[in-house]
Number of protein chains: 2
Amino acid sequence: MKIQLALDRLKIAEAIDLAKKVEDSVDWIEVGTSLIKEFGVTSIKELKNAFPTKTIVADVKTNDNARYEFEMCFEAGADVATVMGVSPLVTIDICMEVAAHYNKKVMIDLLNTSEQQKLELQKYKDAIFCLHVSKDQQEEAGMANRGTADNKFSVGLQIAAAGGITLESLEQLKATVNPEVVIVGGAITKAGNPSEAAFQFKQKIAEIEGK
Amino acid sequence: MKIQLALDRLKIAEAIDLAKKVEDSVDWIEVGTSLIKEFGVTSIKELKNAFPTKTIVADVKTNDNARYEFEMCFEAGADVATVMGVSPLVTIDICMEVAAHYNKKVMIDLLNTSEQQKLELQKYKDAIFCLHVSKDQQEEAGMANRGTADNKFSVGLQIAAAGGITLESLEQLKATVNPEVVIVGGAITKAGNPSEAAFQFKQKIAEIEGK
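Residues numbered from 1 in each chain as written. Chains lettered and ligands numbered in written order. Predicted model: local features only at pLDDT ≥ 70, side-chain atom pairs only at ≥ 80, totals over all residues. Heavy atoms only, no water.

Caption draft 1: Structural view of the relation of the copies chain B and chain A. Take chain B, turn it by 180 degrees, move it 0.0 Å along the axis, and it overlays chain A with an RMSD of 0.0 Å. A rotation of that kind, with that shift, is consistent with a two-fold axis. Identified as the residue of chain B closest to the rotation axis by C-alpha distance is glycine 40 of chain B, at 2.0 Å. With an isologous cut-off of 70% or more, the 100% of interface residues of chain B that recur at the interface of chain A puts this contact in the isologous class. (Least-squares fit on C-alpha atoms with pLDDT ≥ 70 in both. Contact = heavy atoms within 4.5 Å.)

So this is what it looks like as structure tokens:
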């Protein structure tokens, strides 16, 4: 399992400082939606400049205007950009097309998708599918269990998991969802010692995977 | 019917220049999603500064992290902010709560909502409901008909309509959906003479409404 560090609700300089502290322990760096909406595409450019060898995920959460938004992200240096799975399929088609053109990846955020939508989305074999318990669901509704039902989604597809992931939940996550990418935000960024927290995630994953 | 001018795929200075040309004919000014994602919250601030007496709509298309995004928009001067109707209801609850606190409005974008979601969303009596044919649906799928089925949605609720609206489609729109707000982008912003185009919209609406 790779670790995607989600950077949210921070200034760009704070995000870079934080990522510098943990870069040895994380694989991918996510420019969170809040950074993009607060500071614009410069947030993606600055993170890519600071970490040119890391995979940069632009969590742009596209709902429409996919060509414009995805070209903007990839031109700014993103390696992966996100689209909402609840969007019209024509929007996701365009994301896939633009990503193929740039030789980059699409992450489809499954937040609030219906069972029917999850089935339809599985045709995008080259995408990464993100099982997502949203911030609002965690914070306001106290919902942090992504369930095991989503497990059936993973046959042959690339899966990421996001939302309230902690060191303690990694083992169950591996056993149920078995994602290729675990997206970790607050458990690292809000830790007293982010560097130590990230290292523990890396170690725990190595232990779980028997490396 | 009010006219909401949608400003998209422009630099901030271009958006302001364009809005200056048409401000006498439009009621609300929308800072498009593309401006917010490309330039950040400064796009909202600059438009509000340029048009302090206009209603400014921040088309932030929130899917999650509603408190942070809505506070950001309202603090920047937005009078209305948008949330996706396909989001978890807890997210929309937060938008309504933050808007009430700031004495501002929520516009719920109905893009790709199911019939069931449309029914559930009608509990948000203070929101404006935006019937939305997306850019991607228009441009790639050639779909511009929002149908008359949505008409049943409008009983006692505030309705906006968006997506490919032209001078020619206004009369039918009035007869079927009867929105309080018509959201017009390209038909004004891409016109050879935007000022003249906006004036024609204003005149046509006055004619339809018998003023």
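Caption draft 2: Focus on helix H4 (residues 66–75) of chain A. Looking only at H4 of chain A, the buried set comprises Ala66, Glu69, Phe70, Met72, Cys73 and Phe74 of chain A. Positive phi appears at glycine 77 of chain A, one or two residues downstream of H4 of chain A, with a value of about 115 degrees. (Buried < 20%, exposed > 50% of the residue type's maximum accessible area, 1.4 Å probe, protein only. Helix = DSSP H or I, 4+ residues; strand = E, 2+ residues; numbered from the N terminus.)

Caption draft 3: Molecular detail of the sheet that holds strand E4 (residues 80–84) of chain B. Residues and elements named next belong to chain B. Read once around its circumference, the closed barrel built from eight strands follows the order E1-E2-E3-E4-E5-E6-E7-E8, with strand pairing classed as parallel. Sheet twist, expressed as the average angle between the axes of neighbouring strands with direction ignored, equals 25 degrees. Note that strand E5 (residues 105–109) and strand E6 (residues 128–132) share three bridges and pair parallel. Its bridge partner being in E6, methionine 107 is matched across the sheet by isoleucine 128. (Pairing = 2+ DSSP bridges. Axes fitted to C-alpha atoms, helices over the stretch in contact; angles between N-to-C directions.)

Caption draft 4: The environment of alanine 19 of chain B, seen in detail. Residues and elements named next belong to chain B. Take alanine 19: it is sitting in helix H1 (residues 12–22). The class of alanine 19 is buried, set by a relative accessible area of 0%. Remark: the alpha-carbon pair of alanine 19 and glutamate 30, spanning eleven residues in sequence, is separated by 9.9 Å.

Caption draft 5: Quick peek at the interface of chain B and chain A. Tallying the contact residues gives 38 residues for chain B and 38 residues for chain A. Across the interface of chain B and chain A, roughly 3,100 Å² is buried in total on both sides, 52% from carbon and sulfur atoms. Of all residues in chain B, Lys37, Asp64 and Asp136 of chain B give up the largest surface area on contact with chain A, accounting jointly for 23% of the area buried on that side. Applying the counting criterion to the chain B and chain A interface returns two salt bridges. (Buried area = accessible area lost by both parts, 1.4 Å probe. Salt bridge = Lys/Arg side-chain N within 4 Å of Asp/Glu carboxyl O.)

Caption draft 6: Summary view of the pattern of salt bridges. According to the stated counting rule, one finds 26 salt bridges over all chains in the structure shown. The residue lysine 104 of chain B makes a salt bridge to aspartate 79 of chain B at a minimum N-O spacing of 3.3 Å. With a gap of 25 residues between them, lysine 104 of chain B in the loop between helix H5 (89–102) and E5 and aspartate 79 of chain B in the loop between helix H4 (66–75) and E4 connect regions that are remote in the sequence. In this structure, a network of salt bridges that share partners links the residues Lys48, Asp79 and Lys104 of chain A.

Caption draft 7: Region of interest: the side chain of lysine 61 of chain A. Summarising the element assignment, lysine 61 of chain A is placed in strand E3 (residues 55–62). The buried category is assigned to lysine 61 of chain A, whose relative accessible area is 6%. Engagement of the side chain of lysine 61 of chain A in a polar contact is seen with the side chain of threonine 33 of chain A, the distance being 3.2 Å. Among all residues touching lysine 61 of chain A, those that are not within four sequence positions of it are Thr33, Thr82, Met84, Asp109 and His132 of chain A together with Lys37, Asn63 and Asp64 of chain B. (Polar contact = N/O pair within 3.5 Å; in protein donor to acceptor, adjacent residues only side chain to side chain.)

Caption draft 8: Region of the structure containing the packing of H4 of chain B against H5 of chain B. All names here are of chain B. For the pair H4 and H5, interaxial distance at closest approach is 9 Å and the crossing angle is 30 degrees. Comparing their axes, H5 and H4 come out roughly parallel. At the point where H4 passes H5, the crossing takes the right-handed sense. Counting all contacts with H4, which are made through Ala66, Arg67, Phe70, Glu71, Phe74 and Glu75, the residues of H5 involved are Thr91, Ile94, Cys95, Glu97, Val98, Ala99 and Tyr102. Here the residues of the contact of H4 with H5 sort into eight nonpolar, one polar and four charged. (Parallel < 35°, antiparallel > 145°, perpendicular 65-115°, else oblique. Left-handed = near helix turned anticlockwise from the far one by under 90°. Nonpolar A, V, L, I, M, F, W, Y, C, P; charged D, E, K, R; others polar.)

Caption draft 9: Just the packing of aromatic side chains, in detail. A complete count under the given rule lists four aromatic pairs over all chains for this structure. On the numbers, 5.5 Å between centres and 40 degrees between planes, the contact of phenylalanine 74 of chain A with tyrosine 102 of chain A is tilted. Of the two residues, phenylalanine 74 of chain A sits in helix H4 while tyrosine 102 of chain A sits in helix H5 (residues 89–102), which places them 28 residues apart along the sequence. Taken together, the aromatic side chains of Phe70, Phe74 and Tyr102 of chain A make up a single cluster linked through ring pairs. The cationic tip of lysine 20 of chain B hangs over the ring face of phenylalanine 51 of chain B; the distance from NZ or CZ to the ring centre is 4.9 Å. (Phe/Tyr/Trp six-rings, centres within 6.5 Å; stacked < 30°, edge-to-face > 60°. Lys NZ or Arg CZ within 6 Å of the ring centre and 35° of its normal.)

Caption draft 10: Highlighting the sheet that holds E3 of chain A. Residue and element names in this part refer to chain A. The sheet built from eight strands closes into a barrel, its strands ordered E1-E2-E3-E4-E5-E6-E7-E8 with parallel pairing. Sheet twist, expressed as the mean angle between neighbouring strand axes with direction ignored, is 25 degrees. For strand E2 (residues 28–31) and E3, the ladder comprises four bridges, and the chain directions are parallel. Looking across to E3, one finds that tryptophan 28 is bridged to threonine 55. The sheet strands contacting H4 are E3, strand E4 (80–84) and strand E5 (105–109), and the helix crosses E3 at an angle near 160 degrees.

Caption draft 11: Region of interest: the environment of threonine 166 of chain A. If you trace the backbone, threonine 166 of chain A turns up in the loop between strand E7 (158–162) and helix H8 (170–176). For threonine 166 of chain A, the contacting residues outside a window of four places in its chain are Ala187 and Phe201 of chain A.

Caption draft 12: Representation of helix H10 (residues 194–208) of chain B within the structure. Residues and elements named next belong to chain B. Between its terminal C-alpha atoms H10 stretches 21 Å, which fits the 21 Å expected from 15 residues at 1.5 Å a residue. Along H10, the residues classified as buried are Pro194, Ala197, Ala198, Phe201 and Ile205. The buried residues of H10 occupy one face: seen down the axis, they fall within an arc of 100 degrees. Glycine 210 sits one or two residues past H10 and shows a positive phi near 70 degrees. (Expected span 1.5 Å × (residues − 1). Arc of directions from axis to C-beta.)

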